[in-house]
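# Examination of the molecular architecture
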Amino acid sequence: MVQQILEVKKEDDTSATKFWLESIERVLQQLQCSPVESLMCAVSLLKDEAYRWWTTLIQTVGPEQQTWEYFLVEFKKKYVGALYLEERRREFLYLRQGRLTVTEYEREFVRLSKYATEIVPTEEERCKRFEQGLHADIKMYLTAMHIRELLVLVEMAHSLERIKKKSKVESRRGSRRGAGARVSIKDNPLHRKQLARDRGNFSRQGSEGHLGRFRDLGRVQ
């Protein structure tokens, strides 16, 4: 799947290099490559000046420093440019879930956090920043759980999002049932008391059910 060879020339615009790197990162992520596999794949696609730059660079550091993250940082310094890096950092600082799903938000968070390692240097800082950008109703429950593993935090956010969606569906169904009932009782006033009782039961069962789910999520943690 990865077939683009990078041949960097001095007169090249940085946009082509940025596109190449973003394409490579996206494909490697889709293939679920490990950091070691990602580094090997990216280096194998370098050519001429870009390849010579990397072989020269790794001579100055130990094998333990020759990682995928190190490659990304140094490559961006060399070929992408300070302005582009600053724009990505700014995007990360202002990243919020907004209209995104949790999955889409997580994808953007992971992509942009690579440009802001000094802002989120630890797993705990990454978790705090991820929480801050979530929808308020999801963030409220997660903050109380004090989760400090990003993978666990993301899974919990997914769970809460699913509960939110289910709650909305149930609410819409309840609204439609109520609307239908109102139409049917226009000529039958004797049914009004029963409708009121049904609405009350539905409301209580819905709220108790969702609170129970959140309590169950809390017990898992």
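None of these values were measured; they are calculated from a predicted model.

### What to know about the overall build of the chain
- A tally of regular secondary structure across the chain gives ten helices and two strands.
- In the chain, the succession of helices and strands from N to C terminus is β-α-α-β-α-α-α-α-α-α-α-α.
- Relative to its full complement of 221 residues, the chain shows a buried share of 33%.
- Expressed as a percentage of contacts within the chain between residues at least 6 apart in sequence, the contacts between residues at least 24 apart total 61%.
- As displayed, the chain offers around 14200 Å² of accessible surface, 53% of which is attributable to carbon and sulfur atoms.

### Some remarks on the environment of Thr-60
- By secondary structure assignment, the location of Thr-60 is in the loop between α3 (49–57) and α4 (68–80).
- Within polar-contact distance, the side chain of Thr-60 engages the backbone oxygen of Leu-57 at 2.6 Å.

### A look at the side chain of Glu-131
- With respect to the helices and strands, Glu-131 occurs in helix α7 (residues 123–133).
- What makes Glu-131 buried here is its relative accessible area of 6%.
- Within the structure, the side chain of Glu-131 is placed 3.5 Å from the side chain of Thr-143, a separation counted as a polar contact.
- With residues up to four places along the chain from it excluded, the contact list for Glu-131 reads Lys-139, Leu-142, Thr-143, Ile-147, Arg-148 and Leu-153.

### Description of the packing of aromatic side chains
- Taken as a whole, this structure holds 14 aromatic pairs when the rule is applied.
- Between Trp-20 and Phe-75 the ring centres are 5.6 Å apart and the planes differ by 35°, which places this aromatic pair in the tilted class. Placement of the pair is Trp-20 in helix α1 (residues 14–30) and Phe-75 in helix α4, with a sequence separation of 55 residues. This pair shows no difference in class: Trp-20 is buried, exactly as Phe-75 is.

So, how was this worked out
Residues numbered from 1 in each chain as written. Predicted model: local features only at pLDDT ≥ 70, side-chain atom pairs only at ≥ 80, totals over all residues. Heavy atoms only, no water. Helix = DSSP H or I, 4+ residues; strand = E, 2+ residues; numbered from the N terminus. Buried < 20%, exposed > 50% of the residue type's maximum accessible area, 1.4 Å probe, protein only. Contact = heavy atoms within 4.5 Å. Areas by Shrake-Rupley, 256 points an atom, 1.4 Å probe, with all protein chains shown as cover. Polar contact = N/O pair within 3.5 Å; in protein donor to acceptor, adjacent residues only side chain to side chain. Phe/Tyr/Trp six-rings, centres within 6.5 Å; stacked < 30°, edge-to-face > 60°.

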